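# A structural walkthrough
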Amino acid sequence: MKKQVHSIEVRNAALSRLAERGVTVEDIAEIVYLMQSPYHPDLTMAPCIESVKAVLEKREMQHAILVGIELDTLAEKGLLSEPLQSIIASDEGLFGCDETLALGSVFGYGSIAVTTFGHLDKHKVGVIKRLDTKTAGGRVHTFLDDLVASVAANASSRMAHRMRDEQEAELARQEALGQQPAAELRIEGQDDKKAGQAG
């Protein structure tokens, strides 16, 4: 029987691959901050970083990162067979497997994550733009830019739901104490379909 790969080994490998490709947790958290700060003016980077780290603990996300970066790296070294080598190396416009892999990791975080991923995929926010930009150095990030968008979208959706839970819990606490709520809960997400941002 083959040895089972320990989850810690998978986690560490995924994080190492991201670092090797020049992507940090803070880079992704900056995207989360941009997505969520319009809805939460007092938001700081700390919860954004925490949310990204939580998403990166998910085994499905780790597997997607390992697969995608491996394909990018092999294409970079010219080790894939044709025509796949040329398709991935050039990030062929009709090649959708990169988005498919990344999108598959988004569904577990709900519709906010899906719409946010679409927004990030279209507008190339933050480090995603750098990864998507073709360079003379021959670097290939065909899969990585979409995977980063997936992590950011998941972390943004996770934060949106948790912050709503916290707001509602505080409102319930104030009502139980007979206090006047400091402010009504803000209804978020109404413009998401237009803007593509998380609510």
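Each value, and the rule that gives it
Within every chain, residues take consecutive numbers counted from 1 along the sequence as written. With the structure being a predicted model, the display of local features is reserved for residues of pLDDT at least 70 and the display and counting of side-chain atom pairs for 80 or more, all residues being used for whole-chain, interface and lining totals. Derived side-chain values reflect all non-hydrogen atoms in the structure, with water molecules and hydrogen atoms excluded from consideration. Labels follow the DSSP assignment, with helices taken as runs of H or I lasting at least four residues and strands as runs of E lasting at least two, numbered in each case from the N terminus. Here the term buried applies to any residue with accessible area under 20% of the maximum for its type, exposed to any over 50%, and partly exposed to those in between, with areas from a 1.4 Å probe on protein chains only. When checking whether two residues touch, look at their non-hydrogen atoms; a contact exists if any pair is within 4.5 Å. Shrake-Rupley sampling with a 1.4 Å probe provides the accessible areas, and residues are treated as covered by the protein chains on show and by no other component. To estimate how far a helix should extend, the number of its residues minus one is multiplied by 1.5 Å. Planes of paired rings set the category: under 30 degrees apart is stacked, over 60 is edge-to-face and the rest tilted, where pairs are Phe, Tyr or Trp rings (Trp by its six-membered ring) whose centres lie within 6.5 Å. What pLDDT expresses is the predictor's confidence in each residue, scored from 0 to 100. The set of buried Ala, Val, Leu, Ile, Met, Phe, Trp, Tyr and Cys residues whose side-chain atoms join them within 4.5 Å is what this entry labels a nonpolar core. Lines fitted to C-alpha atoms define the axes, with helix axes restricted to the stretch in contact, and inter-axis angles between N-to-C directions lie between 0 and 180 degrees. For this classification, under 35 degrees means roughly parallel, over 145 means roughly antiparallel, 65 to 115 means roughly perpendicular, and everything else is oblique. Take the far helix as your reference; a near helix turned counterclockwise from it by less than a right angle gives a left-handed crossing, and one turned clockwise gives a right-handed crossing. Note that the arc is defined by the directions from the helix axis to the C-beta atoms.

Our focus in this paragraph is the overall build of the chain. Tallying secondary structure elements over the chain gives ten helices and zero strands in all. Taking all 199 residues of the chain together, the buried fraction comes to 42%. By sequence separation, contacts in the chain at least 24 residues apart represent 72% of the contacts at least 6 residues apart. Surface summary for the chain: the accessible area is close to 11,100 Å², and the carbon and sulfur share equals 55%.

With twelve residues, helix α3 (residues 45–56) should cover 16 Å at 1.5 Å per step; its first-to-last C-alpha distance of 17 Å lies within 8% of that length. For α3, the secondary structure elements touched by its buried residues are α1 (7–20), α2 (25–36), α4 (59–76) and α9 (144–176).

Glancing now at the side chain of aspartate 145. Looking at the secondary structure, you find aspartate 145 in helix α9. On the basis of relative accessible area, aspartate 145 is assigned to the buried category, the value being 3%. Among residues more than four places away in sequence, those in contact with aspartate 145 are Lys124, Ile128, Leu131 and Asp132.

Further remarks concern the packing of aromatic side chains. Scanning all chains against the criterion turns up one aromatic pair. Ring centres of phenylalanine 95 and phenylalanine 143 lie 6.0 Å apart, and the angle between their planes is 80 degrees; this geometry places the pair in the edge-to-face category. Taken as a pair, phenylalanine 95 in the loop between α5 (84–89) and α6 (97–104) and phenylalanine 143 in the loop between α8 (127–132) and α9 lie far apart in primary sequence, 48 residues in all. The exposure class assigned to phenylalanine 143 is buried, which follows from its relative accessible area of 3%.

Attention now goes to the confidence of the model for the chain. Segments scoring low in pLDDT should not have their predicted coordinates read at a detailed level. On average, residues of the chain carry a pLDDT of 89, and 88% of them reach 70 or more. Here residues 189–199 is modelled with pLDDT under 50, and outside its nearest four sequence neighbours on either side it reaches 28 contacts, counting other chains as well.

Moving on to the nonpolar core. The nonpolar side chains of soluble globular proteins are, as a tendency, buried together. Ile31, Val52, Ile65, Leu120, Val148 and Val151 are the most contacted members of the largest nonpolar core, which has 45 residues in total. Only α1, α2, α3, α4, α7 (110–123), α8 and α9 provide two or more residues apiece to this core. The dominant element in this core, judged by the number of residues it contributes, is α9, at ten residues. Each residue touching isoleucine 65, except ones within four places of it in the same chain, is listed here: Ala14, Leu18, Leu56, Leu147 and Val151.

At a closest axis distance of 9 Å, the pairing of α2 and α9 adopts a crossing angle of 50 degrees. Regarding the angle of α2 to α9, the classification is oblique. At the point where α2 passes α9, the crossing takes the right-handed sense. Facing α2, whose interface residues are Ile28, Ile31, Val32, Met35 and Gln36, α9 presents Val148, Val151, Ala152, Ala155, Ser156, Met159 and Ala160.

Once that is clear, we can look at α4. Taking 1.5 Å as the rise per residue, α4 with 18 residues should run 26 Å; its terminal C-alpha atoms sit 26 Å apart, in good agreement. Turning to α4, its buried residues number three or more, namely Met61, Gln62, Ala64, Ile65, Gly68, Ile69, Asp72, Thr73 and Ala75. When α4 is viewed along its axis, its buried side chains cluster within an angular range of 165 degrees and face the same direction. Residues of α4 that are buried in the fold lie against α1, α3, α5, α6 and α9. Where α4 terminates, the next one or two residues include glycine 78, which has phi positive at roughly 70 degrees.

Along the chain, histidine 141 turns up in the loop between α8 and α9. With a relative accessible area of 11%, histidine 141 lands in the buried category. Beyond its immediate stretch of four places on either side in the chain, histidine 141 contacts Arg21, Asp72 and Leu131.

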